[in-house]
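# Understanding the architecture of this molecule
Letter by letter, the chains look like this.
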Amino acid sequence: MILQDSFQDQIVLVTGGGSGIGFSIAKQFLTNGAKVVITGRNEEKLQKAIEKLQDAGEVTYQICDIREQEQIQQLADYIKEKYGRLDILVNNAGGQFPSLAKDLSFNGWTSVINNNLNGTFYMTQTMANTFFLEQKKGNIVNIIANIFKGFPGMSHTGAARAGVDNLTKSLAIEWARQGIKINAVAPGIIQSTGLERYPKELVEGIAKTVPVNELGSTDDVAHAVLFLASPYAKFITGETLYVDGGQRLWGDVFTL
Ligand SMILES: CCCCCCCCC/C=C/C(=O)SCCNC(=O)CCNC(=O)[C@H](O)C(C)(C)COP(=O)(O)OP(=O)(O)OC[C@H]1O[C@@H](n2cnc3c(N)ncnc32)[C@H](O)[C@@H]1OP(=O)(O)O
Ligand SMILES: NC(=O)C1=CN([C@@H]2O[C@H](COP(=O)(O)OP(=O)(O)OC[C@H]3O[C@@H](n4cnc5c(N)ncnc54)[C@H](OP(=O)(O)O)[C@@H]3O)[C@@H](O)[C@H]2O)C=CC1
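Residues numbered from 1 in each chain as written. Chains lettered and ligands numbered in written order. Predicted model: local features only at pLDDT ≥ 70, side-chain atom pairs only at ≥ 80, totals over all residues.

Short version of the rule: UniProt positions are given in the numbering used here, feature names are shortened, and annotations may be inferred rather than shown by experiment.
As annotated in an unreviewed UniProt entry, the protein chain carries the name Peroxisomal trans-2-enoyl-CoA reductase and is attributed to Faecalibacter rhinopitheci. The annotation that UniProt attaches to the protein chain under Sequence similarities (unreviewed entry) is "Belongs to the short-chain dehydrogenases/reductases (SDR) family." As its UniProt record puts it under Pathway (unreviewed entry), the protein chain is described as follows: "Lipid metabolism."

### Things to note about the pairing of strand 3 (residues 59-63)
Where we set the bar: Strand pairing is assigned whenever DSSP detects at least two bridges linking the two strands. Secondary structure elements are taken from DSSP: a helix is a run of H or I of four residues or more, a strand is a run of E of two residues or more, and numbering for both begins at the N terminus. Call a crossover right-handed when, viewed with both strands pointing away from you, the route from the first strand across the helix to the second goes clockwise.
The pairing of strand 2 (residues 35-40) with strand 3 spans five bridges and is parallel. Within strand 3, the position partnered with Val 36 by the bridge is Val 59. Viewed along the sheet, the connection from strand 2 through helix 2 (residues 43-53) into strand 3 turns out right-handed.

### Let's talk about the site of ligand 2
Operational definition: Residues are classed as near a molecule or strand if the C-beta position derived from their backbone is within 6 Å of it. Amino acids are sorted into nonpolar (Ala, Val, Leu, Ile, Met, Phe, Trp, Tyr, Cys and Pro), charged (Asp, Glu, Lys and Arg) and polar (every other residue, Gly among them).
Taken together, 29 residues sit near ligand 2, with Gly 16, Gly 20, Gly 40, Gly 94 and Gly 194 positioned nearest. Those elements that provide at least two residues to the shell around ligand 2 are helix 1 (20-31) and helix 4 (106-135). The element best represented in the shell around ligand 2 is helix 1, accounting for three residues. Residue composition of the shell around ligand 2, by class: nine nonpolar, 16 polar and four charged.

### Quick look at the site of ligand 1
Ligand 1 sits among 22 residues. The nearest are Gly 95, Phe 97, Ser 105, Gly 153 and Gly 194. Looking at the shell around ligand 1, the elements with two or more residues in it are helix 4 and helix 6 (200-203). Sort the elements by how many residues they give to the shell around ligand 1 and helix 4 lands first, with five residues.

### As for the packing of helix 4 against helix 5 (residues 155-174)
Here is the rule: Fitting a line to C-alpha atoms yields each axis, with helices limited to the stretch in contact; the angle taken between N-to-C directions then spans 0 to 180 degrees. Roughly parallel here means an angle under 35 degrees, roughly antiparallel means over 145, roughly perpendicular means 65 to 115, and every remaining angle is called oblique. We call a crossing left-handed when the near helix sits turned anticlockwise from the far one by less than a right angle, and right-handed when that turn is clockwise. Think of it this way: build a C-beta for each residue from its backbone, and any pair within 7 Å is a contact.
The geometry of helix 4 relative to helix 5 is characterised by a closest axis approach of 8 Å and an angle of 15° between their N-to-C directions. Of the possible angle classes, the one that applies to helix 4 and helix 5 is roughly parallel. The crossing of helix 4 and helix 5 is right-handed. Across the interface between the two elements, Trp 109, Val 112, Ile 113, Asn 116, Leu 117, Thr 120, Phe 121 and Thr 124 of helix 4 pack against His 156, Thr 157, Ala 160, Arg 161, Gly 163, Val 164, Leu 167 and Leu 171 of helix 5.

### Considering the packing of helix 3 (residues 69-83) against helix 4
Viewed as axis vectors pointing N to C, helix 3 and helix 4 meet at an angle of 35°, and their least axial separation amounts to 10 Å. Between helix 3 and helix 4 the crossing geometry is right-handed. Side by side, helix 3 and helix 4 meet where Gln 69, Ile 72, Gln 73, Ala 76 and Lys 80 of the first sit next to Tyr 122, Met 123, Thr 126, Met 127 and Thr 130 of the second. The residue inventory of the contact of helix 3 with helix 4, partitioned by class, reads five nonpolar, four polar and one charged.

### Describing helix 4
Threshold: Expected helix span is taken as 1.5 Å per residue step, with the number of steps being one fewer than the number of residues. Note on bend: at a given residue it equals the angle between the axes fitted to the 7 residues ending there and to the 7 starting there. The burial criterion counts other C-beta atoms lying within 10 Å of a residue's C-beta, which is placed from the backbone; the residue is buried at 20 or more, exposed at 12 or fewer, and partly exposed between these limits.
The end-to-end C-alpha separation of helix 4 is 40 Å, in line with the 44 Å expected for 30 residues at 1.5 Å each. The largest bend in helix 4 is about 55°, located at Ala 128. Every buried residue of helix 4 is accounted for by Val 112, Asn 115, Asn 116, Leu 117, Gly 119, Thr 120, Met 123, Thr 124, Met 127, Ala 128, Phe 131 and Phe 132. Those residues of helix 4 hidden inside the fold are in contact with strand 1 (11-15), helix 3, strand 4 (88-91), strand 5 (138-143), helix 5 and strand 6 (180-187).

### Describing the confidence of the model for the protein chain
Convention followed: Per-residue confidence from the prediction method is given by pLDDT, with values spanning 0 to 100.
Of all residues in the protein chain, 97% have pLDDT values of 70 or greater, and the mean over the chain is 96. Confidence estimates for the predicted assembly give a pTM of 0.98 and an ipTM of 0.98.

Structure below.
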């Protein structure tokens, strides 16, 4: 992607940047001149990611569970101390497990809502209060999921991601006059480390359910994120961009 040095020396935070989609987002930003902080819960995973990323540019990691407000504030303090500002936040950390609604335990439901809705809000609010509102400048991209027709088989995450989709619209307006843009990217089925967590029988042959007859790549998602964070998208805010090979528009996605 040619971005004419749009991200040169920009400070970018990618949550969940230690694997899969977040790793590709971090790599693309580094390749385009940004300085990147990646986060996650698993230190070993983050260290391995840093080893692979460091040739591409200046990258560091911080352990941060997005469900823990104290850890988020520590992360903000780290960025403030190291760089004095933050330009771009990518809320990529998240995930869930497949389960019919009738089988979900209270804890199962709550952990997925916390992971994908509450965690994204805590992170966004803290970074806005610490950096963006004061700077009168900031760019936020939320990674959600293909929730266009609901998400049967993963109703917890469908509800959480719909919450983030709507939060994206609300904050785009609340913060528009403060120079802050916020958009979302909704990936369809992406060939990534995340997909490997699903039972084989659920993902076998799944590419055939995608109109373009293939799964997306982590770079496909990263390209959409960089576009939304770039000056090419300066008049776009409160929008959700689907990166799903047309899947939301056609046929059954999952057989229950
Ligand atoms: C149909 C569509 C196909 C579709 C197949 C294709 C879909 C592709 C689309 C999407 C792909 C992706 O998003 S890929 C991204 C995948 N990556 C991730 O999911 C990473 C992050 N995920 C996680 O960390 C976990 O999944 C999550 C549960 C959210 C948080 O973990 P925690 O350690 O906090 O939680 P735990 O303590 O382990 O568990 C909390 C409760 O959740 C329950 N729980 C946890 N895993 C469970 C499981 N596999 N099955 C049932 N219940 C589970 C536990 O039993 C606990 O409830 P009790 O027992 O009652 O206490
Ligand atoms: N792959 C796909 O087809 C799709 C993926 N998505 C979403 O895209 C995002 C990236 O997924 P993908 O790369 O595929 O999967 P991964 O499982 O590889 O990535 C998820 C990342 O999020 C981090 N993470 C998860 N929960 C937390 C938490 N509570 N606090 C901090 N970090 C957390 C993980 O790091 P750690 O383990 O170190 O905490 C991990 O690096 C996720 O939100 C996912 O749900 C959406 C639609 C489709």
